Amino acid sequence: MDQFPVTDGELQVGGLPLTRLATRVGRTPFYAYDRELLTQRAATLRRALPPALKLHYAMKANPMPALVCHMTKLVDGIDVASAGELKIALDVGADPREISFAGPGKQDGELWQAVAAGILVNLESAREIGPLAAASQALGLPARVAVRVNPDFELKSSGMKMGGGPKQFGVDAEEVPALLRAVAAAGLCFEGFHLFAGSQNLKAEAIVEAQQKSYQLALRLAEHAPAAVRFLNLGGGFGIPYFPGEQRLDLAPIGDNLADILARAAHALPAAELVIELGRYLVGEAGVYVARVIDRKVSRGHTYLVTDGGLHHHLSASGNFGQVIRKNYPAAIGNRMGAEPGEPCSVVGPLCTPLDLLADRMALADAMPGDLVVVFQSGAYGASASPQAFLGHPAVTEILV
Ligand SMILES: *Cc1c(COP(=O)(O)O)cnc(C)c1O
């Protein structure tokens, strides 16, 4: 994990040696997100993608307010998935015109909040039309909507499929024309379409294919739209490497493809701005999870490093957040970076369950109580995606550094 430099055997995060950073934080475990790496990642994307393309941050990947505040300055818009996320986006100063709200099961209250805030709602069900129209009339404000489409294809080779076939997300493509008539009849302000096919994809050709198909589908549906398409969100799904053998996503073909789509959209959908929304890819590699070794136990010849952190803070690294076969996240002893690896050992947490495993039989530097275990690729789907109340240990600290 070469995004974090090493000096004198210590990992540097946010420009500080890890032990100093841990002292500054005052306690372990903690997540640290590196501001500079976030900035660099956004710049890398901007270089690879066409300038006219809008880049959104899907904040469910990491909703820490200071991080969302930083991201707001780097991207063109924020995608939220609840009223709670909406509050954070508004608190940190995101422009409501550039906030969109997706998610199944939006409650009436959330829809009223969205209209009052002036954000764009991605409709996932005809049921949402009624409360939006009521809010719009009562408040004297437009209800801005896009239709989230459940496409008639799947994103191939995706870690998590979120479109195609039967899904709780979006409106089935074949139902969209009828929904558009209902949107117009209710007086909602139609702005465009949202397609999101899946997550954690490392194959550029699969992403390119999904974007092409999404664009084609949007073109077909636009014929039924009550107003010009002003907003076309083609999703994201860009993955990051976690496990040995995984190759980094090649952005070049994706950039070329999006430039091609933009050129065609300039004629076919002249009022539309094209958007992609990324969570994990923007923030995942900029974060580490740091836990302290409490005990080193040997059980029948196998060494366990027992730490103060575990699955209650980092469910994904334990393998229990959507992994089919458990694999180790990259990890290291952050204050012994140069050291030769010792015998394979397992890094576990303090919970009374064998699922509480951060690294299984990994060749790490020989570690002692007091040392700092670092789990890399931890900037996305970490703290907020973990069952922090499980077993009553303290909540994890998060810092942006
Ligand atoms: C989760 C989600 C994202 C972000 O996905 P990543 O894989 O983190 O990039 C984007 N859009 C929607 C609609 C989502 O549900």
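The rules behind these values
- Residues numbered from 1 in each chain as written.
- Predicted model: local features only at pLDDT ≥ 70, side-chain atom pairs only at ≥ 80, totals over all residues.
- Heavy atoms only, no water.
- Axes fitted to C-alpha atoms, helices over the stretch in contact; angles between N-to-C directions.
- Helix = DSSP H or I, 4+ residues; strand = E, 2+ residues; numbered from the N terminus.
- Parallel < 35°, antiparallel > 145°, perpendicular 65-115°, else oblique.
- Contact = heavy atoms within 4.5 Å.
- Nonpolar A, V, L, I, M, F, W, Y, C, P; charged D, E, K, R; others polar.
- Buried < 20%, exposed > 50% of the residue type's maximum accessible area, 1.4 Å probe, protein only.
- Pairing = 2+ DSSP bridges.
- Patch = residues over 30% accessible without salt bridge, like charges linked within 9 Å, V, L, I, M, F, W, Y side chains within 5 Å.
- Areas by Shrake-Rupley, 256 points an atom, 1.4 Å probe, with all protein chains shown as cover.
- Salt bridge = Lys/Arg side-chain N within 4 Å of Asp/Glu carboxyl O.
- Phe/Tyr/Trp six-rings, centres within 6.5 Å; stacked < 30°, edge-to-face > 60°.
- Lys NZ or Arg CZ within 6 Å of the ring centre and 35° of its normal.
- Near = heavy atom within 4 Å.
- Polar contact = N/O pair within 3.5 Å; in protein donor to acceptor, adjacent residues only side chain to side chain.
- Core = buried A, V, L, I, M, F, W, Y, C linked by side-chain atoms within 4.5 Å.
- Domains from an automatic or database assignment.
- Buried area = accessible area lost by both parts, 1.4 Å probe.
- Left-handed = near helix turned anticlockwise from the far one by under 90°.

## Quick word on the packing of helix 8 (residues 204–222) against helix 9 (residues 251–268)
How two helices sit against one another is set out by the angle between their axes and by the gap between those axes.
In step 1: Where helix 8 contacts helix 9, the two axes come as close as 9 Å, and the packing angle between them is 10°. The angle between helix 8 and helix 9 falls in the class roughly parallel. Here Ala204, Ile207, Val208, Gln211, Gln212, Tyr215, Gln216 and Leu219 of helix 8 come into contact with helix 9, specifically with Pro253, Ile254, Asn257, Leu258, Asp260, Ile261, Arg264, Ala265 and Ala268.
In step 2: When its residues are assigned to classes, the contact of helix 8 with helix 9 shows eleven nonpolar, four polar and two charged.

## A short note on the pairing of strand 12 (residues 189–195)
In step 1: Burial analysis of strand 12 places six of its seven residues in the buried class, which makes it a mostly covered element.
In step 2: Relative to strand 12, strand 9 (residues 144–150) runs parallel, the two sharing six bridges. Of the residues in strand 12, the one forming a bridge with Val149 is Leu195.

## Some points on a nonpolar patch on the surface
In step 1: There is a patch of nonpolar side chains on the surface, built from Trp112, Leu139 and Leu141 and spanning about 240 Å² of accessible area.
In step 2: By the element assignment, Leu141 lies in the loop between helix 6 (129–139) and strand 9.

## Points about the packing of aromatic side chains
In step 1: Counting across every chain of the model gives nine aromatic pairs.
In step 2: Each ring, one from Tyr31 and one from Tyr33, has its centre 6.1 Å from the other, and the planes form 25°; the classification is stacked. The same class applies to Tyr31 and to Tyr33, which are both buried.
In step 3: Judged by centre distance (4.8 Å) and plane angle (40°), the ring pair of Tyr242 and Tyr329 falls under tilted. Of this pair, Tyr242 sits in the loop between strand 14 (231–233) and helix 9 while Tyr329 sits in the loop between helix 11 (315–318) and strand 18 (331–333); the two residues are 87 residues apart in sequence, bridging distant segments of the chain.
In step 4: These aromatic residues form a ring-pair network of at least three members: Tyr31, Tyr33 and Tyr289.
In step 5: When the ring centre of Tyr281 is taken as origin, the NZ or CZ atom of Arg41, which lies over that ring, is 4.3 Å away.
In step 6: When the ring centre of Phe101 is taken as reference, the NZ or CZ atom of Lys106 above it lies at 5.6 Å.

## Quick notes on the site of the ligand
In step 1: Lining the immediate surroundings of the ligand are 13 residues, of which Lys60, Ser199, Gly279, Arg280 and Tyr381 lie closest.
In step 2: Note that a nitrogen atom of the ligand is positioned 2.9 Å from one of the side-chain N or O atoms of Glu277.
In step 3: Tyr381 places a side-chain nitrogen or oxygen 2.6 Å from an oxygen atom of the ligand.
In step 4: In the complex, the protein chains occlude 93% of the 390 Å² of accessible area that the ligand would expose alone.
In step 5: Here the residues of the shell around the ligand are counted per class, giving five nonpolar, four polar and four charged.

## Quick notes on the nonpolar core
In step 1: Of all hydrophobic cores here, the largest spans 130 residues; its most connected members are Tyr57, Phe193, Leu232, Phe238 and Leu282.
In step 2: Of all the elements, helix 8 adds the most residues to this core, at ten residues.
In step 3: Here this core spans two domains, and each of domain 1 (6–32 + 284–400) and domain 2 (63–278) adds at least three residues to it.
In step 4: Excluding residues within four positions of it along the chain, Phe193 makes contact with Ala146, Val147, Val149, Val176, Leu180, Ala218, Leu221, Ala222, Val229, Phe231, Leu232 and Asn233.

## Observations regarding the sheet that holds strand 1 (residues 6–7)
In step 1: Read across the sheet, three strands follow the order 1-2-3 without closing on themselves; strand pairing throughout is antiparallel. In this open sheet, the two edge strands, each paired with only one partner strand, are strand 1 and strand 3 (16–17).
In step 2: As judged from the two bridges shared by strand 2 (residues 10–13) and strand 3, these two strands associate in the antiparallel manner. Along strand 3, the bridge assignment pairs Gln12 with Pro17.

## Describing the domain arrangement of the protein
In step 1: Under the domain assignment used here, the protein contains domain 1 (6–32 + 284–400) and domain 2 (63–278).
In step 2: Taken together, the contact pairs 13 residues of domain 1 with eleven residues of domain 2.
In step 3: Of all residues in domain 1, the largest losses of buried area upon contact with domain 2 belong to Glu285, Gln377 and Leu400, amounting jointly to 41% of the total for that side.
In step 4: A salt bridge links Glu285 to Arg248; its shortest N-O distance comes to 2.8 Å.
In step 5: The tally of links from domain 1 across to domain 2 stands at two residue pairs in polar contact (both at pLDDT 80 or more).
In step 6: Partitioned by chemical class, the residues of the side of domain 1 that touches domain 2 number four nonpolar, six polar and three charged.

## Structural notes on the environment of Ala135
In step 1: With respect to the helices and strands, the residue Ala135 is situated in helix 6.
In step 2: It is 8.0 Å that separates the C-alpha atoms of Ala135 and Ala116, two residues lying 19 residues apart in sequence.
In step 3: Aside from chain neighbours lying at most four places away, what touches Ala135 is Trp112, Val115 and Gly140.

## Structural notes on the packing of helix 2 (residues 35–48) against helix 3 (residues 65–74)
In step 1: Contact pair helix 2 / helix 3: the axes reach a minimum separation of 10 Å and the direction vectors enclose 30°. The angle between helix 2 and helix 3 falls in the class roughly parallel. Crossing of helix 2 over helix 3 shows right-handed handedness. Taken together, the residues of helix 3 that come into contact with helix 2 (itself represented by Arg35, Leu38, Thr39, Ala42 and Arg46) are Leu67, His70, Met71 and Leu74.

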